[in-house]
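# Structural overview
Here is what each chain is made of, one letter per residue.
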Amino acid sequence: MRMDLSISFVYLIELFVIFLAIYLASKLLQVAIGIGRLFLMAILSYFLTPMISQFFQFIILPYVTPLIVWIVLSELLLTSADPKTRALLAVVAYAIYACFIFTGIHTMLLALLG
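Below is a short write-up of the structure. (Residues numbered from 1 in each chain as written. Predicted model: local features only at pLDDT ≥ 70, side-chain atom pairs only at ≥ 80, totals over all residues. Heavy atoms only, no water.)

## Describing the overall build of the protein chain
Formally: Secondary structure is summarised from DSSP: a helix means a run of H or I of at least four residues, a strand means a run of E of at least two, and numbering begins at the N terminus for each. Only protein chains enter the accessibility calculation, which uses a 1.4 Å probe. A residue is then buried if its area is under 20% of the maximum for its type, exposed if over 50%, and partly exposed in between. It only takes one pair of heavy atoms within 4.5 Å for two residues to be counted as in contact. Residue-level accessible areas treat just the shown protein chains as cover; the underlying method is Shrake-Rupley with a 1.4 Å probe.
Tallying secondary structure elements over the protein chain gives five helices and zero strands in all. Each helix (α) and strand (β) of the protein chain, taken in turn from the N terminus, gives the series α-α-α-α-α. Buried residues in the protein chain amount to 33% of all 114 residues. Residue pairs in contact within the protein chain that sit at least 24 positions apart in sequence constitute 66% of those at least 6 positions apart. When the accessible surface of the protein chain is summed, it comes to about 7,200 Å², and 75% of that surface belongs to carbon and sulfur atoms.

Structure follows, in structure tokens:
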């Protein structure tokens, strides 16, 4: 039971890191988007990106496919901004998320909280 709880906690922390990246990007670009839309984008990007990346892993570089997924999701979900701003928001959010992952901040959060 302890193992299942900790694995679920890891997924929750990773989902929070994705949401934080999207939220920071929206604040950085000064785009007024509801928290619900940002959270929905975080959930969908967390679950859809690995599934879609599995299909295109031999065609496109591993870091380009998730970026494309994030851009498409931002175009579909964040309708209150113009298309250029939505694409820029997705790119900035993905860059922040990649920095979080590559620097190990999510691992540090897990070590501190668990």
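Let us keep going from here.
## Some points on the environment of Ser53
Residue position: Ser53 is located in helix α2 (residues 35-55). With residues up to four places along the chain from it excluded, the contact list for Ser53 reads Thr65 and Pro66.

## Some words on helix α3 (residues 64-77)
Quick note on the threshold: Under the convention used throughout, the expected extent of a helix is 1.5 Å for every residue step, that is, one less than its residue count.
Compared with an ideal rise of 1.5 Å per residue, which puts 14 residues at 20 Å, α3 spans 20 Å between its outermost C-alpha atoms and is within 8% of the ideal. Every buried residue belonging to α3 is among Thr65, Pro66, Val69, Trp70, Leu73, Ser74 and Leu77, and all of these are buried.

## Let's talk about the side chain of Ser26
Looking at the element boundaries, Ser26 is found in helix α1 (residues 2-28). Sequence-distant contacts of Ser26, that is, excluding residues within four places in its chain, are made with Val31, Leu38 and Leu89.

## Notes on the nonpolar core
So the rule is basically this: Here, nonpolar core refers to any group of buried Ala, Val, Leu, Ile, Met, Phe, Trp, Tyr and Cys residues whose side-chain atoms link them within 4.5 Å.
By size, the foremost hydrophobic cluster in this structure holds 27 residues, and its most contacted members are Ile22, Met41, Trp70 and Leu78. Secondary-structure elements contributing two or more residues to this core are α1, α2, α3 and α4 (83-103). The dominant element in this core, judged by the number of residues it contributes, is α1, at eight residues. When near neighbours in sequence (up to four residues on either side) are disregarded, Ile22 contacts Leu38, Met41, Ala42, Trp70, Leu89 and Ala93.

## A closer look at the packing of aromatic side chains
The test is simple: Note on aromatic contacts: the rings of Phe and Tyr and the six-membered ring of Trp form a pair at centre separations within 6.5 Å, being stacked when their planes are under 30 degrees apart, edge-to-face when over 60 apart, and tilted otherwise.
Within the structure shown, the criterion is met by six aromatic pairs. For the ring pair Phe19 and Tyr23, a centre distance of 6.2 Å and an interplane angle of 20° mean the geometry is stacked. Of this pair, Phe19 and Tyr23 both sit in helix α1, four residues apart, which is roughly one turn of the helix. Residue class for Tyr23 comes out partly exposed when judged on its relative accessible area of 28%. Through pairs of rings, three or more aromatic residues link up here, namely Phe19, Tyr23 and Phe39.

## Digging into the packing of α3 against α4
Our working definition: Angles here are taken between N-to-C directions and fall from 0 to 180 degrees, while the axes themselves are lines fitted to C-alpha atoms, restricted in helices to the stretch in contact. Comment on the angle field: the value is read as roughly parallel under 35 degrees, roughly antiparallel over 145, roughly perpendicular from 65 to 115, and oblique elsewhere. Two helices crossing with the near one rotated counterclockwise from the far one by less than a right angle form a left-handed crossing, whereas a clockwise rotation gives a right-handed crossing. Amino acids are sorted into nonpolar (Ala, Val, Leu, Ile, Met, Phe, Trp, Tyr, Cys and Pro), charged (Asp, Glu, Lys and Arg) and polar (every other residue, Gly among them).
Where α3 contacts α4, the axes come no closer than 8 Å and their chain directions differ by 140°. Considering their axes alone, α3 and α4 lie oblique with respect to each other. Regarding α3 and α4, the two cross each other, and that crossing is right-handed. Along the contact surface, α3 presents Pro66, Leu67, Trp70, Ile71, Ser74 and Glu75, while α4 presents Pro83, Arg86, Ala87, Ala90, Val91, Ala93, Tyr94 and Tyr97. Along the lines of polarity and charge, the residues of the contact of α3 with α4 split into eleven nonpolar, one polar and two charged.

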